Amino acid sequence: MLQTLYDYFWWERLWLPVNLTWADLEDRDGRVYAKASDLYITLPLALLFLIVRYFFELYVATPLAALLNIKEKTRLRAPPNPTLEHFYQTSGKQPKQAEVELLSRQSGLSGRQIERWFRRRRNQDRPSLLKKFREASWRFTFYLIAFIAGMAVIVDKPWFYDMKKVWEGYPIQSTIPSQYWYYMIELSFYWSLLFSIASDVKRKDFKEQIIHHVATIILISFSWFANYIRAGTLIMALHDSSDYLLESAKMFNYAGWKNTCNNIFIVFAIVFIITRLVILPFWILHCTVVYPLELYPAFFGYYFFNSMMGVLQLLHVFWAYFILRMAHKFITGKLVEDERSDPEETESSEGEEAIAGGGAKSRPLANGHPVGHPVVSNNHRKND
């Protein structure tokens, strides 16, 4: 049964053009071809990334945060209360007025005390500024290095300038060590993001980030073993070109450098729109959708790859909406809240009254808080 499923999954007609088999992609005459088994190394490398990230955040990002005067903020903790904790975990984090009155009768606390407890309990679950800064620092470092390395891998290749050459000789295109390591490192990094997503800073597009990471891993993996490597390197470098700008804007935001953050974010928005909404659909997608049909009839792998690319393109449009909205507010000089992260609540009566009325009021952030990771995450790709 398992052998039958295995054989069907690796059936050549699924992943390769007509009249070609996996035997055509076996190493010969000193030429090395991509193999699915090459991807096994990405899982241990992903664990290595998590270890490297831990020490980077501890010994690089934390001292850098101290230099920028970013510190852990002391938060008042909600006192243990089984009744309120049960409601918080099962029914909701912001009780309405009627629920506050019911909880008051059950716990023997006043309405004001219950409101204060829920506010402090919500703040306990919010990531600290230092945690956000360390996460942004790690991603900035990787994306910047990945972009530089990616450009070094593709800038001297003929298909970087003439995309028809992406398919020249496809799929019998040998690989070189730089392509191999570029792929393995990128895929390992996105595995590490998926492994750590539960502990990373959660934002309002949490589900979209998961979809993005999964689609990215599928695309990178498929493009490797189906030998879409030339197109894959172009797509990865394209995405890396804007991701490091977003993370640097977030770092300056957390440090309170409002003007610097806003200026970088505007640059990021321009690069994002050009790369994700212009170059990707009108150059890259045109390359993967139109040019292959000049060589071979469409096959399952062709439809599968371009379907995953379509998923990423939809995510790019989704994120572009938030990016453009925030960029417009920066340009017009309006204060901007983090549209994808909840602001921390203060110990004010205004906040208590808001909860009693059915929801906490949000307040403008002191430094404009212009960035809430409106794209991908990075977690965004190929994937974004």
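Residues numbered from 1 in each chain as written. Predicted model: local features only at pLDDT ≥ 70, side-chain atom pairs only at ≥ 80, totals over all residues. Heavy atoms only, no water.

The name given to the chain in an unreviewed UniProt entry is sphingosine N-acyltransferase, and the organism recorded there is Panthera tigris altaica.

Asker: Go over the overall build of the chain, please, and point to the residues and values.
Answerer: Scanning the chain from terminus to terminus reveals 13 helices and 0 strands. Mapped in sequence order, the helices and strands of the chain form the string α-α-α-α-α-α-α-α-α-α-α-α-α. Split into buried and exposed, the 384 residues of the chain put 49% on the buried side. As presented, the chain carries roughly 18300 Å² of accessible surface, and 64% of it is formed by carbon and sulfur atoms. (Helix = DSSP H or I, 4+ residues; strand = E, 2+ residues; numbered from the N terminus. Buried < 20%, exposed > 50% of the residue type's maximum accessible area, 1.4 Å probe, protein only. Areas by Shrake-Rupley, 256 points an atom, 1.4 Å probe, with all protein chains shown as cover.)

Asker: An account of the confidence of the model for the chain is requested, with residue identities and associated values reported.
Answerer: Chain-level pLDDT for the chain is 84 on average; 86% of the residues reach the 70-or-more range. The element-level mean pLDDT for the chain is lowest in helix α13 (residues 349-356), coming to 37, with helix α3 (residues 42-67) highest at 96. A low-confidence stretch, residues 348-384 stays under pLDDT 50, and its non-local contacts, those more than four residues away or across chains, total 157 contacts. (pLDDT = per-residue confidence, 0-100. Contact = heavy atoms within 4.5 Å.)

Asker: Please provide a residue-by-residue account of the layout of surface pockets, values included.
Answerer: Considered as a void within the structure, the second largest pocket measures approximately 610 Å³ in volume. As for the second largest pocket, its lining consists of 24 residues, and the residues nearest its centre are Trp10, Lys35, Ala36, Ser37 and Phe225. Mapped onto the lining of the second largest pocket, the elements with two or more residues apiece are α1 (2-9), α3, α8 (177-196) and α9 (206-225). Element by element, the count of residues in the lining of the second largest pocket is highest for α9, at 5 residues. Broken down by class, the residue content of the lining of the second largest pocket amounts to 19 nonpolar, 3 polar and 2 charged. (1 Å grid on protein atoms, 1.4 Å probe; cavity = no way out; pocket = protein on both sides within 12 Å on 5 of 7 lines; lining within 4 Å. Points joined across faces, edges and corners; volume = space filled by probe spheres on them. Nonpolar A, V, L, I, M, F, W, Y, C, P; charged D, E, K, R; others polar.)

Asker: Any chance you could break down α3 for me, citing the residues and the numbers?
Answerer: Taking 1.5 Å per residue, 26 residues should reach 38 Å; α3 reaches 35 Å between its end C-alpha atoms and fits that length. At Glu57, α3 shows its strongest bend, of approximately 40 degrees. Within α3, burial applies to Thr42, Leu45, Ala46, Phe49, Arg53, Phe56, Glu57, Ala61 and Ala65. Those residues of α3 that are buried lie in contact with α7 (129-154) and α8. The positive-phi residue at the C-terminal boundary of α3 is Asn69, with phi of around 65 degrees. (Expected span 1.5 Å × (residues − 1). Bend = angle between axes of the 7 residues up to and from the residue.)

Asker: Can you break down the packing of aromatic side chains residue by residue, with the values?
Answerer: Applying the stated rule across the entire model yields 46 aromatic pairs. For the ring pair Phe222 and Phe305, a centre distance of 5.9 Å and an interplane angle of 40 degrees mean the geometry is tilted. You can see Phe222 sitting in helix α9 and its partner Phe305 sitting in helix α12 (residues 300-331), a full 83 residues away along the chain. Judged by its relative accessible area of 1%, Phe305 falls in the buried class. Look at Tyr321 and Phe322: their rings are 5.3 Å apart centre to centre, the planes differ by 70 degrees, and that puts the pair in the edge-to-face class. (Phe/Tyr/Trp six-rings, centres within 6.5 Å; stacked < 30°, edge-to-face > 60°.)

Asker: Mind laying out unusual backbone geometry, listing which residues take part and the relevant values?
Answerer: Going from Tyr170 to Pro171, the amide bond is cis rather than trans, its omega being 0 degrees. A positive phi angle, close to 65 degrees, is found at Asn69, a residue other than glycine. Counting through the fold element by element, Asn69 comes out in the loop between α3 and α4 (82-90). Unusually for a residue other than glycine, Asn227 sits at a positive phi of about 65 degrees.

Asker: A description of the side chain of Gln179 should follow, citing residues and the corresponding values.
Answerer: On the secondary structure map, Gln179 appears in helix α8. With sequence-adjacent residues up to four places away left out, Gln179 is seen in contact with Val153, Trp159, Ser174, Trp224 and Ile229.

Asker: How would you summarise the nonpolar core if you had to cite specific residues and measurements?
Answerer: Within the largest apolar cluster, 71 residues are counted, with the highest numbers of intra-cluster contacts made by Phe189, Tyr228, Phe265, Ile284 and Met309. Those elements that place two or more of their residues in this core are α2 (12-15), α3, α7, α8, α9, α10 (229-255), α11 (258-289) and α12. When residues of this core are assigned to their parent elements, the largest contribution, 12 residues, is made by α12. For Met309, the residues in contact, after removing those within four places along its chain, are Leu219, Ile235, Leu280, Ile284 and Leu285. (Core = buried A, V, L, I, M, F, W, Y, C linked by side-chain atoms within 4.5 Å.)

Asker: Please provide a residue-by-residue account of the pattern of salt bridges, values included.
Answerer: What the rule picks out here adds up to 12 salt bridges. The residue Asp27 makes a salt bridge to Lys35 at a minimum N-O spacing of 2.9 Å. Given a relative accessible area of 29%, Lys35 falls into the partly exposed group. As a salt-bridge pair, Arg276 and Asp243 come within 2.9 Å of each other at their nearest N and O atoms. (Salt bridge = Lys/Arg side-chain N within 4 Å of Asp/Glu carboxyl O.)

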